[in-house]
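Residue-level structural notes
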Amino acid sequence: MWAPRYEKRPARHVSFLGIHTCIPAIETEKSKTRINYTATALTSDLANHVRGKLGVVFNREYDVLTDLATTGSKKYRGVETGGLKYSSLFMGAGEQRMLLLLEEIFRSPENGLILVDEIDLLLHGDALYRFLTVASQRAKQRSLQIVFTSHRERLLDFDHLINVR
């Protein structure tokens, strides 16, 4: 009788980004006092790609991407743009989710599978188009499979970037 040998199956990186990633960090923060954190500028190639592509999606220049660690071992992301520094606690929900999506897409190894629920939530049409362009280019470079759900009919116009089912 055939019995599967799971240890011989090829491994594949799979990640899921659900609707829970749309909740702003400030909404889930339980601290009722001042939040102190230590900021560390991220200078890796991954961080530079993510920072650059975040700027492409939102049509603005991000100077620095930072990692913020609190004394309570919580971690947040932060950005600096035009002399203004702020953490994900003060980002809009769309900006925060886009940062998460881009980090996942650029961190994923070759042949990875990324599942995204309601990819278009919190994004206006132009930002969504720019994001799909960035994601499509990265998917081709790394042979990634990015599968997402959406209710936005405008995505049907992007059939040159995505395969609609």
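Look up: the structure comes first, before these words.
Note that the structure is a prediction, hence the values are computed from the model and not measured. (Residues numbered from 1 in each chain as written. Predicted model: local features only at pLDDT ≥ 70, side-chain atom pairs only at ≥ 80, totals over all residues. Heavy atoms only, no water.)

1. As for the sheet that holds strand S6 (residues 113–116)
Taken together, three strands build an open sheet; the order of strands is S1-S6-S7 and the sheet is parallel. The sheet is open, and its two edges are formed by strand S1 (14–17) and strand S7 (145–148), each paired on a single side. Direction aside, the axes of adjacent strands within the sheet are offset by 15° on average. Bridge count for S6 against S7 is four bridges, and the pairing is parallel. Bridged to valine 116 within S7 is phenylalanine 148. In the packing of helix H3 (residues 93–107) onto the sheet, the strands contacted are S1, S6 and S7, and the crossing angle to S1 comes to about 175°. (Pairing = 2+ DSSP bridges. Helix = DSSP H or I, 4+ residues; strand = E, 2+ residues; numbered from the N terminus. Axes fitted to C-alpha atoms, helices over the stretch in contact; angles between N-to-C directions. Contact = heavy atoms within 4.5 Å.)

2. Some details on H3
In a regular helix each residue adds 1.5 Å, so 15 residues correspond to 21 Å; H3 covers 21 Å between its end C-alpha atoms and thus fits that length. Counting buried positions along H3 yields 13 of 15 residues, so the element is predominantly enclosed. (Expected span 1.5 Å × (residues − 1). Buried < 20%, exposed > 50% of the residue type's maximum accessible area, 1.4 Å probe, protein only.)

3. Notes on the packing of helix H2 (residues 45–58) against H3
Two elements in contact, H2 and H3, have axes separated by 9 Å at closest approach and are oriented at 135°. In terms of orientation, H2 and H3 fall into the oblique class. The two elements H2 and H3 meet at a crossing, and its hand is right-handed. On the side of H2, the interface is formed by Leu46, His49, Val50, Lys53, Leu54, Val57 and Phe58, while H3 contributes Gly94, Glu95, Met98, Leu99, Leu102, Glu103, Phe106 and Arg107. Tallied by class, the residues present in the contact of H2 with H3 amount to nine nonpolar, two polar and four charged. (Parallel < 35°, antiparallel > 145°, perpendicular 65-115°, else oblique. Left-handed = near helix turned anticlockwise from the far one by under 90°. Nonpolar A, V, L, I, M, F, W, Y, C, P; charged D, E, K, R; others polar.)

4. Describing the packing of aromatic side chains
Considering all chains together, one arrives at one aromatic pair under this definition. Measuring from centroid to centroid gives 5.1 Å for tyrosine 129 and phenylalanine 158, while their planes differ by 50°, and the two rings are tilted. Of this pair, tyrosine 129 sits in helix H4 (residues 125–142) while phenylalanine 158 sits in the segment after S7, placing them 29 residues apart in sequence. Classification of tyrosine 129 as partly exposed rests on a relative accessible area of 32%. (Phe/Tyr/Trp six-rings, centres within 6.5 Å; stacked < 30°, edge-to-face > 60°.)

5. Description of the pairing of strand S3 (residues 64–70)
Burial runs high along S3: five of the seven residues are buried. Pairing between strand S2 (residues 37–42) and S3: six bridges, direction antiparallel. Counterpart to alanine 39 in the pairing with S3 is leucine 68. Examined bridge by bridge, S3 and strand S4 (residues 75–81) share six bridges and lie antiparallel to one another. Bridging from a neighbouring strand, valine 64 pairs with glutamate 80 of S4. What sits between the antiparallel neighbours S3 and S4 is a turn of four residues, in which serine 73 has the positive phi angle 65°.

6. A look at unusual backbone geometry
Generally, phi is negative for residues other than glycine and the peptide bonds are trans, each holding for most cases. We note that asparagine 59 has phi near 55°; this positive angle belongs to a residue other than glycine. With respect to the element layout, asparagine 59 can be found in the loop between H2 and S3. The phi torsion at serine 143 lies on the positive side, around 55°, for a residue other than glycine. You can see serine 143 is positioned in the loop between H4 and S7.

7. Quick look at the environment of lysine 74
Along the chain, lysine 74 falls in the loop between S3 and S4. Of the residues examined, lysine 74 reaches a relative accessible area of 36% and is grouped as partly exposed. Between the C-alpha atoms of lysine 74 and tyrosine 37, which are 37 residues apart in sequence, the distance is 8.9 Å. With residues up to four places along the chain from it excluded, the contact list for lysine 74 reads Glu29, Lys30, Leu68 and Ala69. Within polar-contact distance, the side chain of lysine 74 engages the side chain of glutamate 29 at 3.2 Å. (Polar contact = N/O pair within 3.5 Å; in protein donor to acceptor, adjacent residues only side chain to side chain.)

In short, geometric facts, not functional conclusions.
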